[in-house]
Each structure stands twice: as structure tokens, then as C-alpha cells.
Amino acid sequence: MILAIAMLMAMGMQSASAATEAEFKAQQDSLSKAYGKYFGLVLAYMGEQDKKINIDEFFKAFDVVMQADTANQGYMNGLFVGMELTSKMMQNKLHKGITLDKALMVQALKDAVATKGLDQSTVSKAYSDMAVLEQNTELMGRAFNPKTIAMKKAGEEYIAKIMAAGEGYVKTASGLVYKMEKQGNGKCYGDNEDVRMLYTGKHVDGSIFDQSRDTTSLNSGRVVEGFKEALMLMSPGAKMIAVLPSDIAYGDQGAGRRQSGEYSINPGETLVFEIETFAPKATEKVAEKATTPKVTKAKAKAKTVTPGKMPKPKGKQRK
């Protein structure tokens, strides 16, 4: 089979090399049409999705670029970089709520272009610095996102409602609100201790975002601050409802971000957990299962990320 494929490839290359200039011209024309067709369909699709796109204005700008002198490399590079930075401005504003200052950006570019004696390490460091600032600015900006603000307000209203109902909820200094539905036996769990449990995680509207299928073991030192505090108030055999405001849950960072930009747990969201703990099995070897949510401590304010230590994109986070 491999030999047959190799022979077919050789025949294809021979026929291509034997093509006439007219055939090669026709092939190039076909590719030109394919490019135009693809980008035209993309534009048509975008126009259907976003009625704000003005086709006449599109072609006004498009014609300026297409009529440019492509032999003038400096001019073309200016177009490419200008469009790239303009795109950065648009995307940051539209998807992240970040407003970039055009004048500052242009001046910084001009200053950098005047730099002499550059080596690759200097350029690489500038890229790393930019990436760090981009991530930190995005994280900080989530606090000012209207959706984040709305999530925090919904959480505050939910907590005020259950506290006013007088159903036995207690509020701690950190902001954790909990109701002990069943007392456990023995001493409370400590920091960095494995806890065998069942849990259900809910949004304040009652919908479930995560649920253990069977008893699972989590380490109290490897969960968000509010969940950790709740566990340290419990002992084996206890049952609790714990309400975690965002600043002791996932803060303005949120969790479980999808490609669509949506989150399993939204930035600023208050979470509700139903937790039941059990004594460890005598023969149980404590270990996190593959389905166990891997959580990290989160704070309400933006984290500072240092160059070279950028956090890797996380997989699916469930709690």
C-alpha cells in the first residue's frame, strides 16, 4: 500500500511538473477565486450574524488595501501591523471590556522602532511582558464587567434572603454562610486533610453545575477558601449547606471557561454547596479520582503573573 501511494504521488508530481504555463496560470486563477470565495462567504456569514456590518463601508476600506503597492514592503508591513493593532483594540473592547489608548500604543511603537542593536532575546522578552500584561489586565477588567457586577449583586441578595428567613444559617467573618443540618462525630477536619464526602454544587438559582456521583475524597488544602473553611467546621458524618460568596470561591476569575467565552462558574458568582462527610473506609486508599474537580484558591482581586510563569490553560473545571 505504501509503495502504491508513493507511485501515485510520483505520478501526480510528474503531471504537475509537465503542466504548461497556461495550465499553471489556470491553476493560480482557481486559487485566487477560492481565496476570494472563502473570505466573501465569511463576510456574508458575519453580516448575517451582526447586522451592524456595513458592506459598503467594508468595500471602501477593502479597496484601499487591495490597491496598495504590494511591491513596497515597508508600506505593506505598515498596513499589516496597523490592522493587527486595530484588531487588538476591537477585540479587547468587544470581548474583554478593555479600552486601549491608541495614542499611547502608536507612540510606544515608534519608540520601539527606533531601537538599535536588537537581539532575539529582547524581542522575546517584550512578547512575554505583553502576554503577562494582557492576562492580568483581562483578569482585573472582569471586576468591572456588568455581568460580574450583576452576579455579585445576585449573590448578595440571595444571602440576605436566607439570613432574613431565620432558618439557622450562620455567617462567618470571611463571609461564608452555612447551615449545619447534621452534626458529625469526633474532631473537625484540619488543613490539608483528606475528606471523604458527597457534594452537590449549585448556582443561586438552584441549577446544578457539579455533583459527585459517588463518595469521593478531596483534600481540604486543595479547594477554594470558602469550601475549605466549610470542611474545617465539619467532622465525619456531618451534613452542611455552605454558601460561598465569590471572593472566597472563584472571585472575578470564574471557572470552566468554554471556547464560546461562557463559564461554568461565572466571574463574581456566589455558589451553594450541599456537603455530606463520611469516615474514611478502613481499607480505602485515598486518592483523587479522574472526575474529581481540581480546584485552586482564588481571590477577588487580579493575580499578578510573572514572566515565564504564565498559568497554563486549565481543562474542564467542575467545582
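Criteria and cut-off values
- Residues numbered from 1 in each chain as written.
- Predicted model: local features only at pLDDT ≥ 70, side-chain atom pairs only at ≥ 80, totals over all residues.
- Heavy atoms only, no water.
- Helix = DSSP H or I, 4+ residues; strand = E, 2+ residues; numbered from the N terminus.
- Contact = heavy atoms within 4.5 Å.
- Areas by Shrake-Rupley, 256 points an atom, 1.4 Å probe, with all protein chains shown as cover.
- Salt bridge = Lys/Arg side-chain N within 4 Å of Asp/Glu carboxyl O.
- Buried < 20%, exposed > 50% of the residue type's maximum accessible area, 1.4 Å probe, protein only.
- Phe/Tyr/Trp six-rings, centres within 6.5 Å; stacked < 30°, edge-to-face > 60°.
- pLDDT = per-residue confidence, 0-100.
- Expected span 1.5 Å × (residues − 1).
- Pairing = 2+ DSSP bridges.
- Polar contact = N/O pair within 3.5 Å; in protein donor to acceptor, adjacent residues only side chain to side chain.
- Axes fitted to C-alpha atoms, helices over the stretch in contact; angles between N-to-C directions.
- Left-handed = near helix turned anticlockwise from the far one by under 90°.
- Nonpolar A, V, L, I, M, F, W, Y, C, P; charged D, E, K, R; others polar.
- Core = buried A, V, L, I, M, F, W, Y, C linked by side-chain atoms within 4.5 Å.

**Q** Just checking my understanding: could you explain the overall build of the protein for this structure?
**A** Regarding its fold elements, the protein presents 8 helices and 9 strands. Residue pairs in contact within the protein that sit at least 24 positions apart in sequence constitute 71% of those at least 6 positions apart. About 21,700 Å² of surface is accessible on the protein, with carbon and sulfur atoms providing 59% of the total.

**Q** So what exactly am I meant to see when it comes to the pattern of salt bridges here?
**A** Oppositely charged side chains can form a pair if their charged atoms are brought close together. By the definition in use, this model includes 8 salt bridges. Between Asp129 and Lys125 there is a salt bridge whose closest N-O contact spans 2.9 Å. Of this pair, Asp129 and Lys125 both sit in helix α6 (residues 120–141), separated by 4 residues, roughly a single helical turn. The partner of Asp252 in a salt bridge is Lys152, and the shortest N-O contact between them spans 3.0 Å.

**Q** What exactly am I supposed to notice about unusual backbone geometry here?
**A** Trans peptide bonds make up the majority, and among non-glycine residues the majority have a negative phi. Here the phi dihedral of Asn192 falls at roughly 60°; this positive angle occurs in a residue that is not glycine. Relative to the elements of secondary structure, Asn192 occurs in the loop between β2 (177–182) and β3 (194–203). Exposure remark for Asn192: the relative accessible area of 56% places this residue in the exposed category.

**Q** Any chance you could explain the packing of aromatic side chains here in plain terms?
**A** Between two aromatic rings, the relevant description is the distance of the centres plus the angle of the planes. A full pass over the atoms with the stated rule returns 6 aromatic pairs. Seen in terms of ring centroids, Tyr38 and Phe39 are 5.1 Å apart; in terms of plane orientation they differ by 75°. Their pairing is edge-to-face. The two residues Tyr38 and Phe39 agree in class, both being exposed. Relative to Phe62, the ring of Phe59 has its centre 6.0 Å away and its plane inclined at 90°; by these criteria the two rings are edge-to-face. Of this pair, Phe59 and Phe62 both sit in helix α3 (residues 55–66), separated by 3 residues, roughly a single helical turn. According to the relative accessible area criterion, Phe59 is partly exposed, its value standing at 40%. Put simply, the rings of Phe58, Phe59 and Phe62 pair up and form one aromatic cluster.

**Q** Would you explain the environment of Val224 in this entry?
**A** Relative to the assigned elements, Val224 resides in the loop between β5 (216–219) and α8 (225–231). Note: C-alpha distance between Val224 and Tyr250 (26 residues apart in sequence) is 7.1 Å.

**Q** Would you explain the confidence of the model for the protein in this entry?
**A** In regions of low pLDDT, the predicted coordinates are not meant to be interpreted in detail. Averaged over the protein, the pLDDT score is 84; the fraction of residues at 70 or greater is 82%. Long-range and interchain partners of residues 285–319, a stretch whose pLDDT sits below 50, account for 78 contacts in this model, where long-range means more than four residues apart.

**Q** Just to check I follow, could you spell out α6 for this structure?
**A** Two residues of an α-helix separated by three or four positions point the same way, owing to the 3.6 residues in each turn. For α6, built from 22 residues, the straight-helix expectation of 32 Å at 1.5 Å per residue is met to within 8% by its first-to-last C-alpha distance of 31 Å. Contact partners of the buried residues in α6: α4 (73–96) and β7 (255–257).

**Q** Which parts of the structure should I look at to understand the pairing of β5?
**A** Residues Thr216 and Leu218 point to one face of β5 and Ser217 and Asn219 to the other, with burial holding for every one of them. Where β3 and β5 come together, 4 bridges link them in antiparallel fashion. Pairing of Asp194 across the sheet is with Asn219, part of β5.

**Q** Please clarify how α3 should be interpreted in this entry.
**A** Taking 1.5 Å of rise per residue, 12 residues should cover 16 Å, and α3 covers 16 Å from first to last C-alpha, within 8% of that figure. By the N-cap criterion, in which a side-chain oxygen at the helix start approaches the backbone nitrogen of a residue two or three places on, α3 is capped by Asn54, the distance to Asp56 being 2.9 Å.

**Q** I keep staring at the packing of α4 against helix α5 (residues 102–113) and nothing clicks. Help me out?
**A** Helices that pack against each other are described as a pair by the angle of their axes relative to one another and the distance between those axes. For the pair α4 and α5, the least separation of the axes is 12 Å and the interaxial angle reads 145°. Note that α4 runs across α5; the crossing there is right-handed. Contact residues: α4 offers Val81, Leu85 and Met89, while α5 offers Lys102, Met105 and Leu109. The class makeup of the residues in the contact of α4 with α5 is 5 nonpolar, no polar and 1 charged.

**Q** Looking at this structure, how should I read the environment of Ser207?
**A** Secondary-structure assignment places Ser207 in the loop between β3 and β4 (208–211). Sequence separation between Ser207 and Val272 is 65 residues, and the spatial gap between their C-alpha atoms is 9.9 Å. Excluding residues within four positions of it along the chain, Ser207 makes contact with Gly201 and Lys202. A distance of 2.7 Å separates a polar atom in the side chain of Ser207 from a polar atom in the side chain of Asp205.

**Q** In this structure, what is going on with the nonpolar core? I would like to understand it.
**A** A general feature of soluble globular proteins is that nonpolar side chains tend to end up buried together. Within the largest apolar cluster, 26 residues are counted, with the highest numbers of intra-cluster contacts made by Met197, Phe227, Leu244 and Ile275. Only β3, α8, β6 (239–244) and β9 (271–278) provide two or more residues apiece to this core. If you look at the next biggest cluster of nonpolar residues, it comprises 7 residues, including Ile159, Tyr169, Val177 and Ile241.

**Q** What's the story with the pairing of β3 in this structure? I'm lost.
**A** Side-chain positions along a regular strand alternate between the two faces of the sheet. The element β3 is largely enclosed, with a buried count of 7 among its 10 residues. Where β3 and β4 come together, 3 bridges link them in antiparallel fashion. For Gly201, the partnering residue across the bridge sits in β4 and is Asp210. In textbook terms, the turn of a hairpin is the stretch between consecutive antiparallel strands, and for β3 and β4 this stretch comprises 4 residues, one of which, Gly206, has a positive phi near 95°.

**Q** Just to check I follow, could you spell out the environment of Ile55 for this structure?
**A** Here Ile55 shows up in helix α3. Separated by 11 residues in the primary sequence, Ile55 and Ala44 place their C-alpha atoms 9.0 Å from one another.

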